[in-house]
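Structural characterization, general
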Amino acid sequence: MFKRTFLVLFFYVVFVYVEAQQISGFSNETGSIQKQLEQKFDAQLSASNIGETIKLLSSEPHHVGSVGGKKVADIVLNRFKSWGWDAQLTAYEVLFPSPKTRIVEIVGGFKAALKEPPLKEDATSNQTDQLPTYNCWSADGNVTAELVFVNYGIPEDYEVLEKYGIDVRGKIVIVKYGRSWRGIKPKVAQEKGAIGCIIYSDPKDDGYTLGDVYPKGAYKNEYGVQRGSVMDMPIYPGDPLTPFIASTKDAKRIDRKDAPNLLKIPVIPISYGDAQPLLESLEGAVAPLEWAGALPITYHLGPSKKLIHLQLEFNWQTKTAYNVIAKIPGSTYPDQWVIRGNHHDAWVNGANDPISGLAALMEEAKAIGTLVKTGWKPKRTLIYCAWDAEEPGLIGSTEWVEEHKLELQEKAVVYINSDGNGRGFLHAAGSHALENTVSEVSKDIKDPQTGGTVFERSIARSSALASNTKTKKEIFSQKTLRIGALGSGSDYSPFIQHACIPSIDLGYGGENSGGEYHSIYDSYDHYARFKDPKFEYGLALSQTAGHIALRIAQADHLPFDFKSLHRTVKEYLAELVSLCDQTRENTLIENELIAAKVYELAADPTKKLQYPTPKTEVPYLDFSPLQNALHNLYVVANKFSERKASFSPQKIEEINAKIYKSEQQLLLENGLPRRSWYRHSLYAPGFYTGYGVKTLPGIREALEQRNWKEAQEQIAAATQSIRKLSDFLENLSQ
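Residues numbered from 1 in each chain as written. Predicted model: local features only at pLDDT ≥ 70, side-chain atom pairs only at ≥ 80, totals over all residues. Heavy atoms only, no water.

**As for the overall build of the chain**
- When helices and strands are tallied, the chain shows 22 helices and 16 strands.
- Taken against the 2.2 N^0.38 rule, which gives 27 Å for 734 residues, the C-alpha radius of gyration of the chain at 27 Å falls within 12% of a compact globule.
- Its C-alpha atoms give the chain principal-axis dimensions of roughly 85 × 70 × 65 Å.
- Counting across all 734 residues of the chain, residues that qualify as buried make up 58%.
- Of all intrachain contacts in the chain linking residues separated by at least 6 positions in sequence, the fraction that spans at least 24 positions is 80%.
- In the structure as shown, the chain presents an accessible area of about 29500 Å², 53% of it carried by carbon and sulfur atoms.
- Of the side chains in the chain, 82 bear a positive and 88 a negative charge, and the two mean positions are spaced by 2 Å. (Helix = DSSP H or I, 4+ residues; strand = E, 2+ residues; numbered from the N terminus. Rg over C-alpha atoms; globule rule 2.2 N^0.38 Å. Buried < 20%, exposed > 50% of the residue type's maximum accessible area, 1.4 Å probe, protein only. Contact = heavy atoms within 4.5 Å. Areas by Shrake-Rupley, 256 points an atom, 1.4 Å probe, with all protein chains shown as cover. Lys, Arg positive; Asp, Glu negative; His and termini not counted. Charge placed at Lys NZ, Arg CZ, Asp CG, Glu CD.)

**Quick look at the side chain of threonine 53**
- Of note, threonine 53 is situated in helix α3 (residues 47–57).
- Classification of threonine 53 as buried rests on a relative accessible area of 6%.

**Focus on the layout of surface pockets**
- Put simply, the largest pocket is a space of about 1500 Å³.
- Taken together, the elements giving at least two residues each to the lining of the largest pocket come down to α7 (203–206), α9 (351–373), α10 (390–393), β13 (424–430) and β14 (503–510).
- For the lining of the largest pocket, the leading source of residues is β14, giving five residues. (1 Å grid on protein atoms, 1.4 Å probe; cavity = no way out; pocket = protein on both sides within 12 Å on 5 of 7 lines; lining within 4 Å. Points joined across faces, edges and corners; volume = space filled by probe spheres on them.)

**As for the pattern of salt bridges**
- Following the criterion strictly, the structure yields 36 salt bridges and no others.
- Between lysine 220 and aspartate 206 there is a salt bridge whose closest N-O contact spans 2.7 Å. Separated by 14 residues along the polypeptide, lysine 220 in the loop between α7 and β7 (228–229) and aspartate 206 in helix α7 bring together distant segments of the chain. Considered together, lysine 220 and aspartate 206 belong to a single accessibility category, that of buried residues.
- Lysine 257 is paired through a salt bridge with aspartate 258; the nearest N and O atoms lie 3.4 Å apart.
- Here the residues in one salt-bridge network are Lys35, Glu38, Asp444 and Arg551, joined through shared partners. (Salt bridge = Lys/Arg side-chain N within 4 Å of Asp/Glu carboxyl O.)

**Considering helix α19 (residues 624–643)**
- The terminal C-alpha atoms of α19, which comprises 20 residues, lie 29 Å apart, in line with the 28 Å expected from a rise of 1.5 Å per residue.
- Looking only at α19, the buried set comprises Leu626, Ala629, Leu630, Leu633, Val636, Ala637, Asn638 and Phe640. (Expected span 1.5 Å × (residues − 1).)

**Points about the environment of aspartate 157**
- Summarising the element assignment, aspartate 157 is placed in helix α5 (residues 155–163).
- Between the alpha carbons of aspartate 157 and alanine 711 there is a distance of 25 Å; along the sequence they are 554 residues apart.
- When neighbours within four sequence positions are excluded, aspartate 157 is seen to be in contact with Val150, Asn151, Tyr152 and Trp291.

**With respect to the packing of aromatic side chains**
- In the structure shown here, the tally under the stated rule is 27 aromatic pairs.
- Geometrically, the ring pair formed by tyrosine 208 and tyrosine 272 is edge-to-face, given 5.7 Å between the ring centres and 85° between the ring planes. Taken together, the residues span a long stretch of sequence, with tyrosine 208 in the loop between α7 and β7 and tyrosine 272 in helix α8 (residues 272–280) at a distance of 64 residues.
- Between tyrosine 415 and phenylalanine 495, the aromatic rings sit 3.9 Å apart at their centres with planes inclined by 5°, giving stacked as the arrangement. Highlighted residues: tyrosine 415 in strand β12 (residues 412–418) and phenylalanine 495 in helix α15 (residues 493–498), separated in sequence by 80 residues. For the pair formed by tyrosine 415 and phenylalanine 495, the shared burial category is buried.
- In this arrangement the basic side chain of lysine 70 is found over the ring face of tyrosine 322, its NZ or CZ atom lying 5.2 Å from the centre.
- A cation sits over an aromatic face here: lysine 187 above tyrosine 688, 5.1 Å from the ring centre. (Phe/Tyr/Trp six-rings, centres within 6.5 Å; stacked < 30°, edge-to-face > 60°. Lys NZ or Arg CZ within 6 Å of the ring centre and 35° of its normal.)

**Digging into unusual backbone geometry**
- Going from tyrosine 214 to proline 215, the amide bond is cis rather than trans, its omega being 15°.
- With an omega dihedral of 20°, the bond running from aspartate 353 to proline 354 counts as a cis peptide bond.
- Along the polypeptide, proline 354 turns up in helix α9.
- The phi dihedral of phenylalanine 244 falls on the positive side, at around 75°, and the residue is not glycine.
- Owing to a relative accessible area of 41%, phenylalanine 244 belongs among the partly exposed residues under this scheme.

**Observations concerning the sheet that holds strand β6 (residues 196–200)**
- The four strands lie next to each other as β4-β5-β6-β8, forming an open sheet whose pairing is parallel. Of all strands in the sheet, those with a lone pairing partner are β4 (147–149) and β8 (267–270), marking the two edges. In this sheet, neighbouring strand axes are inclined to one another by 25° on average, regardless of whether the strands run parallel or antiparallel.
- Pairing geometry for β4 and strand β5 (residues 172–176), over three bridges, is parallel. Across the sheet, the residue bridging to leucine 147 is isoleucine 172, located in β5. (Pairing = 2+ DSSP bridges. Axes fitted to C-alpha atoms, helices over the stretch in contact; angles between N-to-C directions.)

**A few points about the packing of helix α13 (residues 454–465) against helix α14 (residues 469–476)**
- Interhelical geometry of α13 versus α14 gives an angle of 170° and a closest axis separation of 8 Å. The angle between the axes of α13 and α14 places the two elements in the roughly antiparallel class. Of the residues in α14, those in contact with Ile459, Ser462, Ser463 and Ala464 of α13 are Lys472, Ile475 and Phe476.
- Broken down by class, the residue content of the contact of α13 with α14 amounts to four nonpolar, two polar and one charged. (Parallel < 35°, antiparallel > 145°, perpendicular 65-115°, else oblique. Nonpolar A, V, L, I, M, F, W, Y, C, P; charged D, E, K, R; others polar.)

**A word on empty space enclosed by the protein**
- Enumeration according to the criterion identifies five cavities of 30 Å³ or more in this entry.
- In this structure, the largest cavity encloses a volume near 60 Å³.
- If you trace the largest cavity, you find it lined by His557, Leu558, Phe640, Lys644, Phe647, Ile652, Ile655, Asn656 and Ile659.
- Take the lining of the largest cavity: its biggest share by element is three residues, from helix α20 (residues 649–656).
- Looking at the lining of the largest cavity residue by residue, the class counts come to six nonpolar, two polar and one charged.

Laid out in C-alpha cells, this is it:
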C-alpha cells in the first residue's frame, strides 16, 4: 500500500512540476495559451496518415530530374495548397551526372554484376527508372591496375600501409564503407596517388553479422549497394559549377574541370557479393586483425596478383531541381521567418531517406493549415520547404540559400530540419542558444514505446551508455537535454554554416537499423516491417518539430539562451587545450623513440642509414585571448538573462527584431582556411570526416594537421567572433 501511494504521489509531483514549468519565451498566461494551441495541433496529427504518405511518395523512383521527382514535387505542392498554404515551385538548373558505362572486373576472369535483383517480397524493387548502382560525381575513367585493400580509407589507414611498405600510387584501392563519409575515401585515395577506388559494405558493418538480411531481416544482403554522392562537400556543397551563387538558368558557371570539389579518379560502390572475389585476388601480407571483415576469406593487403579493370563513363547533364516553398504569413511579425524543411528527392524510392521525414513535415503542415482555417494565425511567418537534389550534394537547399542569403540573414529566425526517421531515441543537434527550447519540448513529447517522455528516454539511454557510475549520476541529474553540434549531411548545412542562420536538426532512430540505405530496398515494404511499423515515431517527429516551430513562431520574446551557448563553447575550448597538451606529450614520446632508433642504426654499420624524421615540437599556443573572450561572454550572457524580466514590451519587440542575428556574429569574414564557403566559427564538417562535425573547426583542424601558425591565427579569429557576440548582446540589452 505504501509503495502504491508513493508511486501515485511521485507521478502527481512530476505531473504538477511539468504542468507548472514555464515555457521559455512566454509568460504564465501566454504559455497556457500556447499549450492549448499545441494540444489542438496534436489532435490534427495522424500516424496512419503519415504511413499513407510514405507509401504514396515512395511508390516510384524520384531522383532529381526524373519523371517521378517532378511528380513528387507536384503532389507536395498541391497538398500544401489544399491545406491553405501559399505554395510554389522554385526551380534551379543543376548539374547531375548519371552512369552510361560501369565495368569492374578481374582481367581475364570475374566480372562484377553491379546489380540489385528484384525481390518478390518487395513490391517496388523491380521498377524501371531506378538509378543503377553508382557514386555520383565520380570522374570518368578507364583504368587497369593492381588492387590494394585500404580498410576504411581514412588517413590513419594509409599510415598503417606505409609501415607494411605498401604504396597505392598507380593502384586501384578497395575500401570499406564506414568510419567516415563515403566522399572522404576516394578523396584520400586520390591524394595518395591511387588511380581508382572501389567501395563496398562489409557484412561485419552492414550485413549478416548484425542480423538477418533482407527480405528475412532488415540488414544488407549480398546484392545490396549503397549509392551516394562523393562530392567533396567539406569544400562546398551545392551545384559544383556555381559556388557561392544560385544555379539559376542564366547563372555564370565555372568549367567542370575547375570545380575544386569534384574528383579526378573513377569511384564506384559494389555489393559484398561482388567484393568477395576482388578481395580473394589480393596477395601480400595478411591484413591486421582489426581490418578484417566478416566475409569467409582471409583478408590480405595486396597488391593483387591479377590486374583489375575499372571503367566508368557518365552523362554530365543539366537537370531541373524543384523546391517546394510554402508560406503562411505572420499576423504580427511577417518579416520574422520560422523555416522548416526536409528534402523530397531520393536515390531510388527512398521510403526511409527522405520520405519518412517528409511525411512527418507534411502532417505538421496539414495540422497548421487546419488551425489557420479556424481563424488562428501565427505571429511570425511560417515557411515549410521540400528540397530537391539533396542527395547529390545538398543542392536544392544550397541554391535557395545562396539566392536569398541577404534576405534570410535579415528575416530567418530559425531553420528546423529533418531527414530520415524511425523507431528509437530523439536525436537533436544545432545552435546551442536554442538548446533549452529543444529540451523543454522534449519533456512534453510522449515516447511511443515507453510511455515516458522522449527527454526521459534520451537521458536513460545516455546514462546506460556511460562508462562509469559518476557519469551516470551526472547524466541523471541533468535538467536539460544536451543537443549535439551540426556537421553536414543534410539541408541545414547552407543555413547554419554558410549564412549563419540559427538551425536545429531533428530525428528519431537507434532502433531502426538496417541495410537498405540508398539501395532499391529502401522501400515502403522494408520501412513498414523494420523501421517504424506503426508510424508512431513519424508522429513523434511531427509533434517535436511542430511544437518547436510553433513556440518560436508564437513566443513573446524569442527564446535564445546564451548561457547554454557559453557552456558548450567553453567545453569545446577545454577539449582543444587538452588536445594540444596531449599532442605535445605524444610528440615528445615519439621523438624519444625515433632518437633511440637513430642511435641503433648509427651503431650498426651493416644497416642502411634511413633515419626516421622526428616530428616538430608542439609550441605553447596562447589560448588566453579566447579564454578571456569566453569569460566576458559568460558575464554578458548572465546579465542579459537576468535583465529579461525587466524589459518593457517595446524593448522586447526591439530585441525580437535583432536577437536571431546573434548567430551571424559568429561568422568568419574570410571563412575557414582552404574552404571559405564555410563561415561559422563554431561548427563545420571535418575536412577528412565529411559528415562528422568539427567544433571550433579552424583551431581544431590546424592542431590535427600540426599547423601551429595557423592554429594561433584561428584562435584569434574565433576570439574575434566571440567578442562580436558579446558586444552584440551588450548593445542589445542597453
